[in-house]
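Working through the structure, step by step
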Amino acid sequence: MAYIEFKNVVKRFGDFTALDHVSLEIPKGAFVTLLGPSGCGKTTLMRQLAGFSEPEEGDVLVDGKRMNGLPPFKRNTPLVFQEYALFPHMTVYENISYGLKLVKEPKEEIGRRVSEMLEMFNLMGLEKRFPREMSGGQQQRVAFARALVMGQEILLLDEPLSNLDAKLRVDVRTELRQIQRKLGITAIYVTHDQDEALSMSDIIAVMRQGRIEQIGTPWEIYFRPANRFVADFVGTVNFLDAKVLTASAHVLTVDHCGMELRVPTEIPASAGEEITLVVRPECIHLAAEGETLPEGAVLNGTIENYSFLGRMIRYWVRVGEETFVIDDANVDLSGARSGDVKLCLDAHKLHILKDGGAHADC
Amino acid sequence: MAAGTSVRESLKEMKRLKNEPLLLLAIIVIILFVGFFVVYPVIKVILFPGVEDYMQLFHKARWFKAVKNSLFMTLISTISCTAVAFLFAYVIARLDVPCKKLFRFVTLLPIVSPPFIVALSYILLFGVQGIVTKQLLGLQVDIYGRLGLWIVQTVTFFPYAYSVIYGVIRSISTNLEYAAYNMGATRWQVFRDVFWPLCRPGVAGGALVAAINVLTDFGNPQMIGGDLALLPTEAYMQISGWYDMKTASVLAVALLIPAVVLFLVQRFWVGRRSYVTITGKEISLNPFPVPKWVKWTLFSLTMFISLFILLVYGTLCYGAFTKAWGYDWTLTMENIQYVFQKGHQIWNSIRYAFCASLGAAFLAMVLAYIVQKKQVGVNKLLDFLGILPGAIPGMFLGIGFVMAFNTPPLELTGTSIIMILALLFWNIPTCYSSATAGLQQIGASVEDAALNLGANSFRSFKDVIIPLLKAPFMSSFVLSFLRSVTCLSVVIFLYAPATTVGTVSVMVLVQSGQWGEAAAFTLVLITIAFTVLKLAQWILGKQGIELEL
């Protein structure tokens, strides 16, 4: 059963529709990511739950109770802000304990719970510091502590890692996921970073222009994108337009510029139909000299350019009418390859989009 | 279409106000207050004279001349103010020279001084009984008139232009100049093609600030203008000498028009032409050194002006302790004692300045808070009300108050209340921009964070917003206090014997030739202003807050 539920939520700012009939169900204890480019409405959707703005239409439910119209201070939906929003005139201790003071917890209880948080976020000894006297990473941990100290069931996170440097970001996201699991909190996480979304989430909702384009697990989003936008936004991708030659129960035979491919799929299609194949760069490898080629999974191409990245080489390969991006993890000491090559596809990881990829059923 | 939508949005926002009665009340009170104490007096003055009264401006040679003189003085003083201000700003911001502390101090002095101090000192130095003219050179020269006024106004008002220009020069990244050198530009080309175009909006802004001050200057022309007919002094003469409110109103309106034009240009034209972007992350290199002879020429010029300003203040101190300027140079405490006999006037100065500043800072704070943080549908109107009094010359507001509040229902003439109210509304724009700047520093989501943690609107205002507003409140209060204690033009029409303030006494003393007493009075006023400034800086400094002026 859904713990948090958005039902046909519509939010307008003047003539601009920020949320266009958005529906989303979030089970208890899940880590759900709202992923999308800036301006897609992901933060706006979260703000409807926190109560910072009210939807024009639709309902926001938590545990079956309608939240619409409830002021933010009665919603119990602690939020970690992108720029942390720590109170600059309060110390670390005062920042973390502020919420507890508002609900008039006894002093000893406040002390106990704050030190619990200080320990969890490795902030011991910094209680008396002001936000301006701390590093970005420390401020960030105070922001987490301040939100979690209330012991609520829900945690909202609005791009909380975007102001950290790359390495710290990777560390924090693992730590954050562990804490969320341990406490059993239902978390909603807003980000435009696909790596964060894929690595942390139970469920990802990909948004564009005020609509949800796809809801699914990280695996589904990555390997079975609902359309071109999702495929393109999450990870690097190659699209291959092809025509269906024959369609049997579980296998399609398709053609691109005279090259035939056999694609195992559950998606029904009929002969003569135009489809788009979604191919991830790491699902292709360049055939070595004398390698036995798998039948119905080979394309002919010409290497146009390459870029050496250490652990792999990224090739740009001309295939028929398309240029493919291929990540070759099999780096040879002798250098990059060139000229004509055979591309071997991992047929099971291919995905089919119909109608030019605009909208496809999964 | 767009206008229709925005009107619809505004109406929607206004409807929401029904749920926040306190906010609604605050908005109504502010609109009524500003309407009644600023807009109403202004309209009263404008409508008081008839068309034929206004035609006098063109028919009567003396009034026409006053208009011409006022505009001419504004033009030449503004040019010289801007040049000196640019010199100071450039030397302080870009050159590696000694004595920068002294230069900075010199630019701060006029802000804590009454506007006529330079004129007074100038008389003491070069007047009929002047220490330079009579004592050292034995000359008899007439220093009253155009040239004297020009020098005095330049020295008095360049610091206002300086602070604008300095701010802009400071924020121009030296990297841009290095980029130009890197592409092969010579020193002069870099200055002409990169530095100067980037400074230009700042220079224009500074010039306009100086121009507004020069145009509406009353104290200096009154003391040193001599026979030179200028709009502010002529209007004053009409009221104090002839009780001719009609003519005074005509002259005041003639002053209001260019003041409003300058104000609008500054606000809407220059304001939009700033190229300066503050990224905060950029690291600038040290400025590229200029040739030695240029550096030391500029330094000498700056030093010369600085020493002249120090001489002005030194002369004032000397004058305050001298028995009879020009005749008897023995040192004495009599002048200071005289000031303490008239202590009531000093007390009035402090009292009125304190009350007016408290009121102005509070009102401006509430107004700025609503405009910045609340969407109430009338934000643009409220913002306009906050800056509006800035377009009105101080003496115009004074005349307006006399005309608007000398009859029931609100008969305030001669009371302390009218002095306080006039100073209060005169200071609103200063406090408002200071409060706005302070509020913009507060992150947008800090208040949301408090709501999110369970604080209701009242608690979040009390626990988060109020403590964060302390610094901007203090700085607008101090700024307003300094302006009020040293203000002459607003109160000159409003004082009664019992409500005389220090600045008015100085003017009267100067006119009757009591230089020593006048100097002593001025010295006491400056001391008070400076003490308050230092005290506030010290108190805020202890809390890690820098007071900005």
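Residues numbered from 1 in each chain as written. Chains lettered and ligands numbered in written order. Predicted model: local features only at pLDDT ≥ 70, side-chain atom pairs only at ≥ 80, totals over all residues. Heavy atoms only, no water.

1. Concerning the domain arrangement of chain A
Residue and element names in this part refer to chain A. According to the domain assignment, chain A consists of domain 1 (2-232) and domain 2 (236-356). For domain 1 and domain 2, the distance between their C-alpha centres works out to 39 Å. Counting from both sides, the interface comprises 10 residues of domain 1 and, opposite them, 14 residues of domain 2. Viewed at the interface, domain 2 and domain 1 are joined by 1 salt bridge. In this structure, arginine 228 and aspartate 241 form a salt bridge, with 3.4 Å as the shortest nitrogen-oxygen distance. Counting the contacts that link domain 1 with domain 2 gives 7 residue pairs in polar contact (both at pLDDT 80 or more). For the side of domain 1 that touches domain 2, the secondary structure elements donating two or more residues are α7 (218-223) and α8 (228-233). Considering only residue class, the side of domain 1 that touches domain 2 consists of 6 nonpolar, 1 polar and 3 charged. (Domains from an automatic or database assignment. Contact = heavy atoms within 4.5 Å. Salt bridge = Lys/Arg side-chain N within 4 Å of Asp/Glu carboxyl O. Polar contact = N/O pair within 3.5 Å; in protein donor to acceptor, adjacent residues only side chain to side chain. Helix = DSSP H or I, 4+ residues; strand = E, 2+ residues; numbered from the N terminus. Nonpolar A, V, L, I, M, F, W, Y, C, P; charged D, E, K, R; others polar.)

2. A look at the packing of aromatic side chains
For any pair of aromatic rings, the description consists of the separation of the ring centres together with the inter-plane angle of the planes. Residue and element names in this part refer to chain B. Summed over all chains, the structure comprises 37 aromatic pairs over all chains. Ring centres of phenylalanine 88 and phenylalanine 103 lie 6.1 Å apart, and the angle between their planes is 70°; on these two criteria the pair is classed as edge-to-face. Taken as a pair, phenylalanine 88 in helix α4 (residues 61-94) and phenylalanine 103 in helix α5 (residues 100-108) lie far apart in primary sequence, 15 residues in all. For the pair phenylalanine 88 and phenylalanine 103, one class covers both residues: buried. (Phe/Tyr/Trp six-rings, centres within 6.5 Å; stacked < 30°, edge-to-face > 60°. Buried < 20%, exposed > 50% of the residue type's maximum accessible area, 1.4 Å probe, protein only.)

3. With respect to the sheet that holds strand β1 (residues 2-13) of chain A
Residue and element names in this part refer to chain A. Taken together, 4 strands build an open sheet; the order of strands is β2-β1-β4-β5 and the sheet is antiparallel. Where the open sheet ends on each side, the last strands, each with one partner, are β2 (16-27) and β5 (65-66). Direction of pairing for strand β4 (residues 57-62) relative to β5: antiparallel, over a ladder of 2 bridges. Counted as the bridge partner of valine 62 is lysine 65 from β5. Against the sheet, helix α1 (residues 42-50) engages β1, β2 and β4, with an angle of about 115° to β1. (Pairing = 2+ DSSP bridges. Axes fitted to C-alpha atoms, helices over the stretch in contact; angles between N-to-C directions.)

4. Looking at the interface of chain A and chain B
Between chain A and chain B, the contact holds 24 residues from the first and 23 residues from the second. For the pair chain A and chain B, the summed buried surface comes to about 1,900 Å²; carbon and sulfur atoms form 63% of the total. The largest contributions to the chain A side of the interface with chain B come from Phe73(A), Tyr98(A) and Leu102(A), which together make up 28% of the buried area. The tally of links from chain A across to chain B stands at 1 salt bridge. Residue Asp448(B) pairs with Arg47(A) through a salt bridge whose shortest N-O separation is 3.1 Å. On the surface where chain A and chain B come into contact, there are 7 residue pairs in polar contact (both at pLDDT 80 or more). Ranked by residue count, the leading element in the side of chain A that touches chain B is helix α2 (residues 92-102) of chain A, at 3 residues. (Buried area = accessible area lost by both parts, 1.4 Å probe.)

5. Some words on the environment of Thr486(B)
Residue and element names in this part refer to chain B. Among the structural elements, threonine 486 can be located in the loop between α21 (457-485) and α22 (502-511). Contacts of threonine 486, omitting those with residues within four sequence positions, involve Val112, Ser113, Pro114, Pro115 and Thr503. At a separation of 3.4 Å, a polar atom in the side chain of threonine 486 contacts the main-chain carbonyl oxygen of arginine 483.

6. Considerations on the environment of Glu234(B)
Residues and elements named next belong to chain B. Along the chain, glutamate 234 falls in helix α12 (residues 231-242). With a relative accessible area of 3%, glutamate 234 lands in the buried category. Not counting chain neighbours up to four residues away, the residues in contact with glutamate 234 comprise Arg62, Trp63, Ala66, Ala229 and Leu251.

7. Thoughts on the pattern of salt bridges
All names here are of chain A. Within the structure shown, the criterion is met by 25 salt bridges over all chains. Arginine 112 is paired through a salt bridge with glutamate 116; the nearest N and O atoms lie 3.3 Å apart. One end of the pair, arginine 112, and the other, glutamate 116, are both in helix α3 (residues 107-120), 4 residues apart, so they sit about a helical turn from each other. Its relative accessible area of 45% is what places arginine 112 among the partly exposed residues. Put simply, aspartate 193 and arginine 169 hold a salt bridge, and the shortest N to O gap is 3.9 Å. Separated by 24 residues along the polypeptide, aspartate 193 in the loop between β8 (186-191) and α6 (194-200) and arginine 169 in helix α5 (residues 166-183) bring together distant segments of the chain.

8. Thoughts on the pairing of strand β7 (residues 154-158) of chain A
On any regular strand, side chains alternate: one points to one face of the sheet, the next to the other face. Residues and elements named next belong to chain A. Counting buried positions along β7 yields 5 of 5 residues, so the element is predominantly enclosed. Side-chain alternation along β7 places Ile154, Leu156 and Asp158 on one buried face and Leu155 and Leu157 on a second face that is also buried. Relative to β8, β7 runs parallel, the two being bridged by 5 bridges. Following the sheet pairing, aspartate 158 is matched in β8 by valine 190. Note on the crossover from β7 through α5 to β8: the handedness is right-handed. (Right-handed = clockwise from strand over helix to strand, strands pointing away.)

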